[in-house]
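Fold and geometry: a report
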Amino acid sequence: SIGYIEDHLNDILQANTDIAKTFCAHGGQGLSLSKIRPEGSLIKKTYTTDGIVPFMKMFNTTTETISQGGSRKGALMMSLDVWHPEIEKFISIKSDANAINKANLSVEIDDEFMMCVKQGVTEVKRTFKYDGGELPYTINPVAIFEKICENALKHAEPGVLFTNRLRNYNLMEFVDGYEIETTNPCGEQPLPRHGACNLCSINLSEYVVNPFTTDAYIDTISLQNDIKVIVEVMDEVLEENIERHALPGQREMARKYRNIGIGVMGVADMFVKMGLTYGSEESVSLIRNVMQLILRYSLSWSVIFGEKKGNFPGYDKNVWESNIFTNLMNNDKDSIKYFKSTNALRNATLLSVAPTGSIGTMFDVSTGIEPFFRLGYVRTTKSLNGKDEDYKCEIKALKEYHEITGNDDIPGYFITSDKIHWKDRINVQAAIQEFC
């Protein structure tokens, strides 16, 4: 993650160079445009700037032009503070399919803005201050929020980053110097400037014993044992890749904080194998317990490896004061005392749920924490010879259900995304985020 781009031409151009270098090294980037002065602002008291859009187009062109290590086009996330004077342009820019088509966009939203929306506030006077001047302007929170919703519905973007939670709910919450600014390209890992993500995903559907029966259960013992291997291997992968990062800042941050991001996929498959409907109270309770287990054992093994191999250099005992740790322990005083007494931790971050579009598809399971999109569909894939090829697909979980039960019916718990109430989808994610 590049983080905030400063409001200076040198920093903007350096960011473009850093993006290109990162793509060449198989990586992606995330950046925030929030500090860049808006259109109409003065430059050297003589000229006026065209604002953020020309720079967005420049970064978009770089992403379109530079491949990730020659394998695929670059991956970029651009975000903007909801209070920025050009937020309406940012929100609506993807209504033109040719304007910004190679980058993901997200709006940085704080609690103050959401409170204004909740209270129906339609006018907030603000001033954007920059080197050499200031620009008074007015924001309509209700109209902005409605525009975000409208464009997300029509064009699937922008996404939103709730910054108070994003920047504070982590083990490093009370550690000075670890300031989260934005996220990596897919939004799954909030990072400080030049922070780098190192991701893996656990296929939860494989831990269901006796699937599609009344005796189905989660093999938590196997999951606990596997977490030890995962944390250790992820730490070794991180070590192996430190020198492969494109930028000196990325290498420094990887060494200092040793971020890993253990995630999950096959969540919807796990639910149906347990006979649960995605979004039901039972499913929410199950995924909450699973994520709590994954975080607890990931943390335990990171402590053990910290004692064995050494702490990450940026370690501070204040990690044990963080709200995510407190919530995980749930007033378990003995465990809290144990973790604090160790004074050890190998990795600054542990869990991070990625979308797993490619690997989820490869293993024929639901991607990330998403529900099934469809039970059967035609997938068009551009093959290695450059041609579009169509494949008729039926989800693996449904095939397994027919094979195990011998039934030709489709139970109601095989629910697809278009049939799930939006609140149920949010409840699933909220349960997961408590431990992530």
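Residues numbered from 1 in each chain as written. Predicted model: local features only at pLDDT ≥ 70, side-chain atom pairs only at ≥ 80, totals over all residues. Heavy atoms only, no water.

What follows deals with unusual backbone geometry. Cis peptide bonds are those with omega within 30 degrees of zero, and the linkage from Glu 157 to Pro 158 qualifies with 10°. Here Pro 158 shows up in the loop between α5 (141-155) and β11 (159-162). For His 26, which is not a glycine, the phi torsion comes out positive at approximately 75°. Secondary-structure assignment places His 26 in the loop between α1 (9-24) and β2 (29-32). On the accessibility criterion, His 26 (55% relative accessible area) is exposed. Of note in this structure, Asn 331 is not a glycine but carries a positive phi near 65°. Topologically, Asn 331 is positioned in the loop between α11 (323-329) and α12 (333-342). (Helix = DSSP H or I, 4+ residues; strand = E, 2+ residues; numbered from the N terminus. Buried < 20%, exposed > 50% of the residue type's maximum accessible area, 1.4 Å probe, protein only.)

A word on the packing of aromatic side chains. For the coordinates displayed, the defined rule picks out 15 aromatic pairs. Ring centres of Phe 372 and Phe 414 lie 6.4 Å apart, and the angle between their planes is 15°; on these two criteria the pair is classed as stacked. One end of the pair, Phe 372, is in the loop between α13 (357-362) and β18 (376-382); the other, Phe 414, is in the loop between α14 (396-405) and α15 (422-433), and 42 residues separate them in sequence. Among the aromatic residues, those joined into a cluster by ring pairs are Phe 212, Phe 372, Tyr 401, Tyr 413 and Phe 414. For the cation-ring pair, Arg 165 lies above Tyr 169, with the distance from its terminal atom to the ring centre recorded as 3.8 Å. Above the face of the Phe 373 ring, Arg 374 is positioned so that its terminal group lies 4.4 Å from the ring centre. (Phe/Tyr/Trp six-rings, centres within 6.5 Å; stacked < 30°, edge-to-face > 60°. Lys NZ or Arg CZ within 6 Å of the ring centre and 35° of its normal.)

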